[in-house]
Amino acid sequence: MPAEIVGLGVAVPPYVLTNADLEELVDTNDQWITERTGIKERRVAGKGDSTALLGKRAAEQALKVAGIAVDEVDLVMVATATPDYTLPSAACILQLELGMTRGAAMDVIAGCSGFVYALATASQFVDSGAAETALVVGSETLSRISDYTDRGTCILFGDGAGAVVLRRGERGVRAFSLGADGARSRLLMTPAGGSRFPANSRTVAERRHYIVMEGREVFKGAVTAMAASSLEAIERSGLKPEDIDLVVPHQANQRIIEATARRLKTPMSNVVMNVARYGNTSAASIPIAMAEAWEHGQIRPGQRLLLTAFGAGLAWGSAVIDWTLPNPAEPSPEEPTQPAMPIVRGLLDGTLWDGVDMLPPLRPLVPGAAL
């Protein structure tokens, strides 16, 4: 029995960074950004936000939709490139924030393909019976590793989270295709902060803790890999490309999405796209796009969905899903937004962290619930 999506949730910060805002930071303008990326604005996590806390909001919404209590979850998987800490995992911090007292927790690091990788992995746990209920979260705070002095990258990235709940069902995740090419790892990476090039005064002075990218090469690789893995996933599912009702691609760049759709011979009317509003939220982009499309009725029960993504690694992945989750009566009301520039300026000068406790909260142990 396949893993079925029985719950879905999304969380985005209220702080909006527009193209006009970026004109104050780097040599760029709205026309240049829009023509090359399709992005008009992106969200930025506030002082009280983190990858785990955004993930918590999305997860709680997904669990509510599923009608499942948090302690019914056997497995928590977080796809992210921006965990709260190097140690422990973002999944463990999310488990703490959710108040869970049982279950396994682990991260998946596959860049922008992370959610597809995590969904594929968790679906195998559920399909095999190793886990009855799995919570899969894609959550990112890319503003924390975006260089707001580099116009080539800071215009692209935003923050947010999306989550799904998986349980065994009659229909669900049909098939997937995953791939990677570590030989091209230099094309998209954060050079410092790991064990090979740990943090020190030099790495900070040289701004080596931020995303660096060779955009043209990444673009070419993305279109080729997303199309190829999509076709492989469709073939493994026993379907044909024309059987796919809706494509939910990673929201990296409007041009990449359009070029991939052409390779798949899919009309843009059958492609979910919200990159203009949120930019590239890496592992969070597919679940955010999926949740929005579902809330607004673009995704409906009975449809066959194709998810496809490409990112750092370089890594890529696609999955085919039979959609069964009934639509909500109406979309969730949008929260009021605020300007993000004060947050960004706090990121640049370090004052955003003034008075912030850097450690996770303490929670009393529940007798018998943990070692």
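My aim in this report is to walk through the structure given alongside it, one point at a time. Being a predicted model, the structure only gives us computed values, none of them experimental.

Looking at the environment of leucine 17
Here is step 1 of the chain: Along the chain, leucine 17 turns up in strand E2 (residues 15-18).
Here is step 2 of the chain: Judged by relative accessible area, which is 0%, leucine 17 ranks as buried.
Here is step 3 of the chain: Separated by 24 residues in sequence, leucine 17 and glutamate 41 place their C-alpha atoms 5.6 Å apart.
Here is step 4 of the chain: When near neighbours in sequence (up to four residues on either side) are disregarded, leucine 17 contacts Leu22, Glu41, Arg42, Val44, Tyr148, Ala340, Met341 and Val344.

Some details on the packing of helix H7 (residues 215-236) against helix H8 (residues 254-264)
Here is step 1 of the chain: One can describe the packing of H7 onto H8 by two numbers: an axis separation of 9 Å at closest approach and a directional angle of 40°. The orientation of H7 relative to H8 falls into the category oblique. Considering only the axes of H7 and H8, their crossing is right-handed. Contacts from Phe219, Ala222, Val223, Thr224, Met226, Ala227, Ser230 and Leu231 in H7 reach Arg255, Ile256, Ala259, Thr260, Arg263 and Leu264 in H8.
Here is step 2 of the chain: By residue class, the composition of the contact of H7 with H8 is 9 nonpolar, 3 polar and 2 charged.

Notes on the nonpolar core
Here is step 1 of the chain: Val164, Leu166, Val248, Met290, Ile299, Leu307 and Trp323 are the most contacted members of the largest nonpolar core, which totals 45 residues.
Here is step 2 of the chain: Sequence-distant contacts of valine 248, defined by excluding residues within four places in its chain, comprise Val272, Ile286, Ala289, Met290, Ile299, Leu305, Leu306, Leu307 and Thr308.
Here is step 3 of the chain: If you look at the next biggest cluster of nonpolar residues, it comprises 36 residues, including Met226, Ala259, Phe310 and Val344.

With respect to the side chain of serine 143
Here is step 1 of the chain: Relative to the helices and strands, serine 143 is located in the loop between strand E6 (133-141) and strand E7 (159-168).
Here is step 2 of the chain: Classification of serine 143 by relative accessible area gives buried; the value is 3%.
Here is step 3 of the chain: There is a polar contact of 2.6 Å between the side chain of serine 143 and the side chain of aspartate 159.
Here is step 4 of the chain: Excluding residues within four positions of it along the chain, serine 143 makes contact with Val44, Ala45, Tyr148, Asp159 and Leu347.

Comments concerning the pairing of E2
Side chains on a regular strand alternate between the two faces of the sheet.
Here is step 1 of the chain: Bridging between E2 and strand E3 (residues 41-44) involves 4 bridges; their strand directions are antiparallel. For valine 16, the partnering residue across the bridge sits in E3 and is arginine 43.
Here is step 2 of the chain: As paired elements, E2 and strand E14 (residues 338-339) share 2 bridges and run parallel to each other. Considered in E14, the bridge of tyrosine 15 is made with glutamine 338.

Looking at empty space enclosed by the protein
Here is step 1 of the chain: In the structure shown here, the tally under the stated rule is 1 cavity of 30 Å³ or more.
Here is step 2 of the chain: Approximately 40 Å³ is the volume attributed to the largest cavity.
Here is step 3 of the chain: Where the lining of the largest cavity is concerned, the elements lending two or more residues are strand E11 (246-249) and H8.
Here is step 4 of the chain: Ranked by residue count, the leading element in the lining of the largest cavity is H8, at 4 residues.

Details of the packing of aromatic side chains
Here is step 1 of the chain: Following the criterion strictly, the structure yields 1 aromatic pair and no others.
Here is step 2 of the chain: Aromatic side chains phenylalanine 310 and tryptophan 316 sit 6.1 Å apart centroid to centroid with 10° between the ring planes, which places their arrangement in the stacked category. In terms of burial, phenylalanine 310 and tryptophan 316 fall into one category: buried.

Notes on unusual backbone geometry
Glycine aside, residues mostly have negative phi, and peptide bonds are mostly found in the trans state.
Here is step 1 of the chain: In this structure, proline 88 follows leucine 87 across a cis peptide bond, with omega equal to -5°.
Here is step 2 of the chain: Along the chain, glycine 313 connects to leucine 314 via a cis peptide bond; the corresponding omega equals -15°.
Here is step 3 of the chain: Despite not being glycine, lysine 265 has its phi angle at roughly 60°, a positive value.
Here is step 4 of the chain: Phi is positive for serine 282, which is not a glycine, with a value near 50°.
Here is step 5 of the chain: Looking at the element boundaries, serine 282 is found in the loop between helix H9 (275-278) and helix H10 (285-295).

A word on the layout of surface pockets
Here is step 1 of the chain: Quantified by volume, the second largest pocket comes out at close to 580 Å³.
Here is step 2 of the chain: Lining the second largest pocket are 26 residues, with Leu156, Met213, Gly215, Arg216 and Asn253 sitting closest to its centre.
Here is step 3 of the chain: Elements represented by at least two residues in the lining of the second largest pocket include exactly helix H2 (30-37), H7, H8 and strand E12 (304-311).
Here is step 4 of the chain: The element that contributes the greatest number of residues to the lining of the second largest pocket is H7, accounting for 6 residues.
Here is step 5 of the chain: A per-class count over the lining of the second largest pocket returns 14 nonpolar, 8 polar and 4 charged.

Looking at the sheet that holds E7
Here is step 1 of the chain: A sheet is described by the order of its strands in space; here 5 strands give the open sequence E1-E7-E6-E4-E5, paired in mixed fashion. On the outer flanks of this sheet lie strand E1 (3-11) and strand E5 (104-108), each paired with one strand and no other. Direction aside, the axes of adjacent strands within the sheet are offset by 20° on average.
Here is step 2 of the chain: Where strand E4 (residues 75-79) and E6 come together, 5 bridges link them in parallel fashion. When the sheet's bridge partners are listed, leucine 75 is paired in E6 with alanine 134.
Here is step 3 of the chain: Relative to E1, helix H3 (residues 51-66) is tilted by about 130°, and along the sheet it contacts E1, E6 and E7.
Here is step 4 of the chain: Across the face of the sheet, helix H5 (residues 114-128) comes into contact with E1, E4, E5, E6 and E7 while running at roughly 20° to E7.

How each quantity is defined
- Residues numbered from 1 in each chain as written.
- Predicted model: local features only at pLDDT ≥ 70, side-chain atom pairs only at ≥ 80, totals over all residues.
- Heavy atoms only, no water.
- Helix = DSSP H or I, 4+ residues; strand = E, 2+ residues; numbered from the N terminus.
- Buried < 20%, exposed > 50% of the residue type's maximum accessible area, 1.4 Å probe, protein only.
- Contact = heavy atoms within 4.5 Å.
- Axes fitted to C-alpha atoms, helices over the stretch in contact; angles between N-to-C directions.
- Parallel < 35°, antiparallel > 145°, perpendicular 65-115°, else oblique.
- Left-handed = near helix turned anticlockwise from the far one by under 90°.
- Nonpolar A, V, L, I, M, F, W, Y, C, P; charged D, E, K, R; others polar.
- Core = buried A, V, L, I, M, F, W, Y, C linked by side-chain atoms within 4.5 Å.
- Polar contact = N/O pair within 3.5 Å; in protein donor to acceptor, adjacent residues only side chain to side chain.
- Pairing = 2+ DSSP bridges.
- 1 Å grid on protein atoms, 1.4 Å probe; cavity = no way out; pocket = protein on both sides within 12 Å on 5 of 7 lines; lining within 4 Å.
- Points joined across faces, edges and corners; volume = space filled by probe spheres on them.
- Phe/Tyr/Trp six-rings, centres within 6.5 Å; stacked < 30°, edge-to-face > 60°.

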